[in-house]
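Residues per chain, in single letters:
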Amino acid sequence: MTYQEILEQARTCIGKYCKACPVCNGRACKNQIPGPGAKGVGDTAIRNYDKWQEIRINMDTLCDNKPVNTELELFGQTFRYPFFAGPVGAVNLHYGEIYNDESYNDILVSACAEAGIAAFTGDGVNPAVMEGATAAIRKAGGKGVPTVKPWNAETVNEKMALVREAGAFAVAMDVDAAGLPFLKNMTPPAGRKSVEELREVVKAAGVPFIVKGIMTVKGAQKAMEAGAAAIVVSNHGGRVLDQCPATAEVLEEIVKAVDGKMKVLVDGGIRSGVDVFKALALGADGVLICRPFVTALYGGAEDGVKAYIEKIGAELEDTMAMCGAASLGEITRDMVR
C-alpha cells in the first residue's frame, strides 16, 4: 500500500474537517474545531511545520560506507526507529465516525508494536477511552505510552492504576491539554498543574513519567524538579494557543538547559524522516508524530500505519547515510544549518 493510496482512501472516510492533505501543514484546517485545527487563527500549527522546513541538511558522503542503524533505546526498551505515534483523542468527533477512540487505539498500538516502534495513546472524558487504550497496550506487551489528561488527583490516580495493570513501559501527561476548549468545565475537572501537584502525579505513576507540553527552559526545569524522566517539547500541535513559537525554535535551548538530566522528545509539524533527522541533530532523543498517523490509520487501518512507519523510517535511514551518520549517536549539530 503506497502512501498516496492511503491518502486517497482516507479522504473517503475521514470526515468533513480533515482534508487528508498530501502534507499535513495546518493550512487547510487552521482554526476548525471540531477537527484537527486550533483555537484562534491556527497560526502556531502552520509555524510548527514551516520552521522545520527552514532547517537544511548538510550532505557529506565522504565517510565509511557502513550499514545504518536507526535503533533507539529508551527506558530499557529498544525501538526500531526514534519516532513514536503521538496521542490523539476524540477521533470520531475530529476525524470521522468510522473509528472511536477505543478502536483507533487498538489498531494503532498493535500496528506500531509490530512495526518496531510504540504509540502514545490518548485520553478522554469517557473512562472507556483510557480503559481501552491500556487494554491495547497490555495486549502489546506494554509497548505503548498511555497519555493522561491533567485531571484532578483522584481521577489521575484511577487512571494510573490502569497504566500499571497494562505493564506500560512509561506514562505521559499532556499538560498543554489544559488549553483544549472541550476540557473546560468538564467533569472530572482538568487544568494546569503546580510543580507540587505534578510531583505527586509522578510518584503515583510507578513507571518513567513523561511531561508533554514543554515550550520553555523554565517549564523544563519545573518538570525536572517534579521528577519527570522525560519531556516532550510540544505546543499541542499548535492547537491550544496562537502566537506560540514553533517547537523547532525552542528545542535546542531546552536541550541545553536539561543537559542530559532528562530525555527530550519533540513533536509539532514533523512530517518526514528528514525532519526526524533535523530534530535529532538539534539534540532531541526522539520524536512524536501525531496527525499523519490518523490519516494513515483511516486510510489503511493496520496496513496504513505500518506503511507510514516504513516511509518515515526509510527517509530517516537515507538521510543518515547521506550525511555520514551510521547510528543515532553519530547525528551531530553540524549536520544541519
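This text follows the structure it describes.
Residues numbered from 1 in each chain as written. Predicted model: local features only at pLDDT ≥ 70, side-chain atom pairs only at ≥ 80, totals over all residues. Heavy atoms only, no water.

1. A word on the overall build of the chain
Thinking step 1. When its secondary structure is counted, the chain shows 11 helices and 10 strands.
Thinking step 2. Relative to the compact-globule value of 20 Å for 337 residues, the chain shows a C-alpha radius of gyration of 18 Å, a close match.
Thinking step 3. Considering only C-alpha atoms, the chain reaches an extent of 60 × 45 × 40 Å along its principal axes.
Thinking step 4. A total of 337 residues make up the chain; the buried ones form 55% of that total.
Thinking step 5. Considering only contacts within the chain whose residues lie at least 6 apart along the sequence, 71% involve residues at least 24 apart.
Thinking step 6. Summed over its atoms, the accessible surface of the chain is roughly 13600 Å², and 49% of this surface lies on carbon and sulfur atoms. (Helix = DSSP H or I, 4+ residues; strand = E, 2+ residues; numbered from the N terminus. Rg over C-alpha atoms; globule rule 2.2 N^0.38 Å. Buried < 20%, exposed > 50% of the residue type's maximum accessible area, 1.4 Å probe, protein only. Contact = heavy atoms within 4.5 Å. Areas by Shrake-Rupley, 256 points an atom, 1.4 Å probe, with all protein chains shown as cover.)

2. Some details on helix α5 (residues 127-139)
Thinking step 1. In a regular helix each residue adds 1.5 Å, so 13 residues correspond to 18 Å; α5 covers 19 Å between its end C-alpha atoms and thus fits that length.
Thinking step 2. Those residues of α5 that sit buried are V129, M130, G132, A133, T134, A136 and I137.
Thinking step 3. Structurally, α5 contributes buried residues whose contacts are with α4 (101-115), β4 (119-121), β5 (144-148) and α6 (153-166).
Thinking step 4. Looking at the residues trailing α5, positive phi occurs at G141, about 70°. (Expected span 1.5 Å × (residues − 1).)

3. Some remarks on the nonpolar core
Thinking step 1. Counting 109 residues, the largest nonpolar core has Y104, F209, I231, L251, F293 and Y298 as the members making the most contacts within it.
Thinking step 2. Residues in contact with L251, not counting those within four places in the same chain, are W52, V233, V264, V266, A279, L282 and A284. (Core = buried A, V, L, I, M, F, W, Y, C linked by side-chain atoms within 4.5 Å.)

4. Details of unusual backbone geometry
Thinking step 1. Residue P34 is reached from I33 by a cis peptide bond, and omega for that bond is 5°.
Thinking step 2. In this structure, F75 takes a positive phi of about 50° despite not being glycine.
Thinking step 3. Mapped onto the elements of the fold, F75 is located in the loop between β1 (72-74) and β2 (77-79).
Thinking step 4. On the basis of relative accessibility, which here comes to 24%, the residue F75 falls in the partly exposed class.
Thinking step 5. The phi angle at Q243 is positive, at roughly 65°, despite the residue not being glycine.

The quantities given are spatial measurements derived from coordinates; they are silent on function.
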